[in-house]
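# Remarks on the overall topology
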Amino acid sequence: MTRTRTETDSLGTIEIPADRYWGPQTERARALFRIGEGHLDPGVIHATGLQKWAAAEANRRLGELPDAIAEPIKAAALEVAVGLHDADFPLPVWQTGSGTQTNMNANEVIANRANESLGQPLGSRSPIHPNDHVNRGQSSNDSFPTVMHIAAIAALRARLLPGLATLHEALTAKADEYAGIVKLGRTHMMDAVPVTLGGEFATWARQVQNGIARVADAIPRLLLLPQGGTAAGTGLNRHPEFDDAFCAILAERTGEAYAPNPDKSEGMAAHDAFVELHGALNTLAVSLTKIANDIRLLGSGPRGGIGELVVPADGLSSSIMPGKTNPTQSEALTMVCARVMGNQTTVTFAGAQGHLELNVFKPVIIQAVLESITLLGDAARSFATHMVAKLEPNRARIADQVAKSLMLVTALNPHIGYDRAVQIAKLALAEDLTLRDAAARLGHVTPEDFDRWVRPDDMLRPGGATGGGG
């Protein structure tokens, strides 16, 4: 049987596993919220440790906590921030919508660990009290959303933006490398006028670049913290300078330009900053889906499909078809994008549930946002490394498809008119002729003029259709 210890708070006594730092509030929540298997993202827990550290230091500087109390709290909070106590945060996402149980969980863990460092037994609540000291000048209602902001910024910096930068670099390198490869363009999934393979990669690179910019545009609102609003945005029970001190201390430690939200209630009653951020993540998922699908299509085959790109062999194969190479990275990336699009629905609905002074969908908002950030960042890096960087053009296939393209006839429009060009294309298709032979048979264009006017390289720029003379 698991050994327990007895703890007492204002609601009575309760048995708690003897080796855990959490206290009565957490233990009661464990029993009440047995919903699902997962816990809150570790990034939330680590950000909570950082938030409690900054709060203790702010209260120390403002004279709200003596050094003898503040320093043990800070030391314990930093242990939480670096992940030493992840196992002491057992609660699921599905709890009170303000994140109160996780905030109380942090208060109890930090208080117990701080008291232990002072030689006191777990559950003593003395000399450091979870509410009176660890939670001094705070409420779950302003602390948990502050944690949400800290966690999102940290994840963006550590996972998403580096992953996107890696993908953008890989796509740009291919755009430069393949700038001179003329290939068949396609619109409506049908043959169209020539483009370059480098141009297709440049389009994808631009999409990623725009995605990076959209995410970056959301960061300034995330840097405004509601800490100091306490229960309802009025700042009740905190030092008048607590919000400024807290943000300055946090900014000093993280290097981020954190500042107090000038209207604390806006950051507590609404989470529009997260709706905005996830909108950028959703747009990014749309962009990455197109990129992954385009590469999947261009690499299809190798003999029965388009076959213009050679998909890298990744050592994985079919369980029944020997030697089959599949676009596994495209599949993984597009599944991630599907998940992000689902999270968009969650964040949109949850963000709309701000009623009066408090939004009570906070845990699910940050869980969805962090999942999207992590998945997109990791998938972008994987796609860049294991797909884009290893792609090769099938030059022979590309050249053959350009040569056979009926849409090269578009170059004749300025010389013979649209209707005659249509006749040439239809004859070539019906009788399996080259455009050159069809034009000569109809008497619309001599072979010599055709060779001067229909040049794929000249069809890649404005005015190119008339650039060959005549």
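Report follows, based on the coordinates. (Residues numbered from 1 in each chain as written. Predicted model: local features only at pLDDT ≥ 70, side-chain atom pairs only at ≥ 80, totals over all residues. Heavy atoms only, no water.)

## Here's the deal with the overall build of the protein chain
When helices and strands are counted, the protein chain shows 17 helices and ten strands. Radius of gyration (C-alpha) of the protein chain: 31 Å, far over the 23 Å computed for a compact globule of 470 residues. By principal-axis analysis of the C-alpha atoms, the protein chain measures approximately 100 × 50 × 35 Å. Per-residue burial for the protein chain yields a buried fraction of 51% across its 470 residues. Considering only contacts within the protein chain whose residues lie at least 6 apart along the sequence, 71% involve residues at least 24 apart. Surface exposure of the protein chain reaches about 20,900 Å², of which carbon and sulfur atoms provide 54%. Placing the 42 positive and 51 negative side-chain charges of the protein chain at their respective mean positions leaves the two points 4 Å apart. (Helix = DSSP H or I, 4+ residues; strand = E, 2+ residues; numbered from the N terminus. Rg over C-alpha atoms; globule rule 2.2 N^0.38 Å. Buried < 20%, exposed > 50% of the residue type's maximum accessible area, 1.4 Å probe, protein only. Contact = heavy atoms within 4.5 Å. Areas by Shrake-Rupley, 256 points an atom, 1.4 Å probe, with all protein chains shown as cover. Lys, Arg positive; Asp, Glu negative; His and termini not counted. Charge placed at Lys NZ, Arg CZ, Asp CG, Glu CD.)

## Structural notes on the pattern of salt bridges
In total, this model carries 29 salt bridges according to the counting rule given. Arg436 serves as the salt-bridge partner of Asp451, at 2.9 Å between the closest nitrogen and oxygen. With Asp451 in helix α17 (residues 447-453) and Arg436 in helix α16 (residues 435-442), this residue pair connects regions lying 15 residues apart in the sequence. Three or more residues are tied together by salt bridges with common partners; here these are Glu57, Arg60, Arg61, Asp67, Glu71 and Lys74. (Salt bridge = Lys/Arg side-chain N within 4 Å of Asp/Glu carboxyl O.)

## Details of the side chain of Glu256
Looking at the secondary structure, you find Glu256 in the loop between α8 (242-254) and β6 (259-260). Looking at Glu256, the relative accessible area reads 13%, which means it is buried. In this structure the side chain of Glu256 is engaged in a polar contact, spanning 2.8 Å, whose partner is the side chain of Arg157. Ignoring any residue separated from it by four or fewer positions in sequence, one finds Glu256 in contact with Ile153, Arg157, Leu223 and Ala251. (Polar contact = N/O pair within 3.5 Å; in protein donor to acceptor, adjacent residues only side chain to side chain.)

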